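# Structural overview for review
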Amino acid sequence: MMNFKDVFVSENTLSSFERLISSGTFPHSSMLTGADEEKLKTVANVLAAALVCEEADAPCGRCKNCLKSEKQVHPDIKTVSPRERRKSVNMEECREMIMDSYILPNEAQRKVYIITSAHTLDEKVQNALLKILEEPPQYVYFILLCVNPSAMLGTVMSRVSLFTLGNSEETDEGDGQVMEIALNIVSALKSINEIDLLRATVPLDRDRLLTKSVMECFKGLVNISLRARQGFGFDETGMATRFTGEELMKLNESADRIIAACERNANEKLLITLISASLRRAIGG
């Protein structure tokens, strides 16, 4: 039976998973993000097994729930994927999942829904998920898998706890680049170091589209931190404790201004300066 020590995630993420599971405080709505969706699925399956496990050392690999989880036949763990070779879960499938979530678990004390390729969900489907993500039944857990967080609505990002999964030995590429840059900007802001912030934004130099995607992702992280300060969800970036609510709101507004600048084709040479100055000003730097 695979357990947390068998999945290749950072030490901090691993510790977070173990702590949240053992304390019974794992968020009801979470998102796993990274460039490798197969890896996301593997981690999600381990988390699902842990959530339905009956023992204190979840996932124990011994109880009936773990044994069924390992064989992928547990009736209370459901993977929601596109049917009939479609690229995305459609509205009908979304509604079926929501209706099913209100039915009590069959065998375990909890039900887990793993939603694959969340980044492919269209706007209508994402909007349909908002209420259930914010107020799920107490026995239900949703785990969204997403390789491109910038494709998600801000309203969805604000309702989930985000876990970024990078191999401890290598950096995710492709869509994972957006999240990596956004997290580097967060780290630089937390250190209040102008040089670190300039270094974090170097990959955005003269790339308006990448800058827009990174700022949308960054705004999603800020929204999650705001909700964490209000007692909703889990904030892995540490911004909820590092910055005040007012500073987070100003960071959100700064991200909006930068996104707007990208959309009106602002001078690409000046975008880096705008990012650094605007974000530093938001936190009083």
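Heads up: these notes are all about the structure in this document. All values reported here derive from a predicted model rather than from experimental measurement. (Residues numbered from 1 in each chain as written. Predicted model: local features only at pLDDT ≥ 70, side-chain atom pairs only at ≥ 80, totals over all residues. Heavy atoms only, no water.)

## Re the overall build of the protein
Along the backbone of the protein there are 12 helices and five strands. Taking 285 residues into account, the globule formula puts the C-alpha radius of gyration at 19 Å, and the protein, at 19 Å, falls close to it. Projected onto its principal axes, the C-alpha positions of the protein cover 60 × 35 × 35 Å. Considering only contacts within the protein whose residues lie at least 6 apart along the sequence, 73% involve residues at least 24 apart. Here the protein contributes 34 positive and 40 negative side-chain charges, whose respective centroids are spaced 4 Å apart. (Helix = DSSP H or I, 4+ residues; strand = E, 2+ residues; numbered from the N terminus. Rg over C-alpha atoms; globule rule 2.2 N^0.38 Å. Contact = heavy atoms within 4.5 Å. Lys, Arg positive; Asp, Glu negative; His and termini not counted. Charge placed at Lys NZ, Arg CZ, Asp CG, Glu CD.)

## As for the sheet that holds strand β3 (residues 111–115)
Pairing within the open sheet is parallel, and its five strands lie in the order β2-β3-β4-β1-β5. Among the strands making up the open sheet, the edge pair consists of β2 (77–80) and β5 (161–164). Averaged over all adjacent pairs, the angle separating strand axes in this sheet is 20°, with direction ignored. By the bridge criterion, five bridges tie strand β1 (residues 29–33) to strand β4 (residues 140–146) in an arrangement that is parallel. Counted as the bridge partner of T33 is C146 from β4. Along the sheet, helix α2 (residues 37–52) makes contact with β1, β2, β3 and β4, crossing β4 at roughly 170°. (Pairing = 2+ DSSP bridges. Axes fitted to C-alpha atoms, helices over the stretch in contact; angles between N-to-C directions.)

## Some details on α2
For α2, which comprises 16 residues, the first-to-last C-alpha distance of 22 Å matches the rise-based estimate of 22 Å (1.5 Å per residue) to within 8%. Of all 16 residues in α2, 12 are buried; the element is thus mostly enclosed. Along α2, the residues that are buried comprise E37, K39, L40, V43, A44, V46, L47, A48, A49, A50, L51 and V52. Tucked into the core, α2 has its buried residues touching α1 (11–23), β1, α3 (64–70), β2, β3 and β4. Backbone nitrogen of E38 and a side-chain oxygen of the N-cap are separated by 3.1 Å at the start of α2; the cap is D36. (Expected span 1.5 Å × (residues − 1). Buried < 20%, exposed > 50% of the residue type's maximum accessible area, 1.4 Å probe, protein only. Polar contact = N/O pair within 3.5 Å; in protein donor to acceptor, adjacent residues only side chain to side chain.)

## Points about the environment of I98
Relative to the assigned elements, I98 resides in helix α4 (residues 91–101). Residue I98 is classed as buried on the basis of its relative accessible area, which comes to 17%. Once the C-alpha coordinates of I98 and I132 are considered, the two residues, 34 residues apart in sequence, prove to be 7.1 Å apart. Those residues in contact with I98, other than ones at most four positions away along the chain, are A128 and I132.

Everything listed here is a matter of geometry and, on its own, says nothing about what the molecule does.
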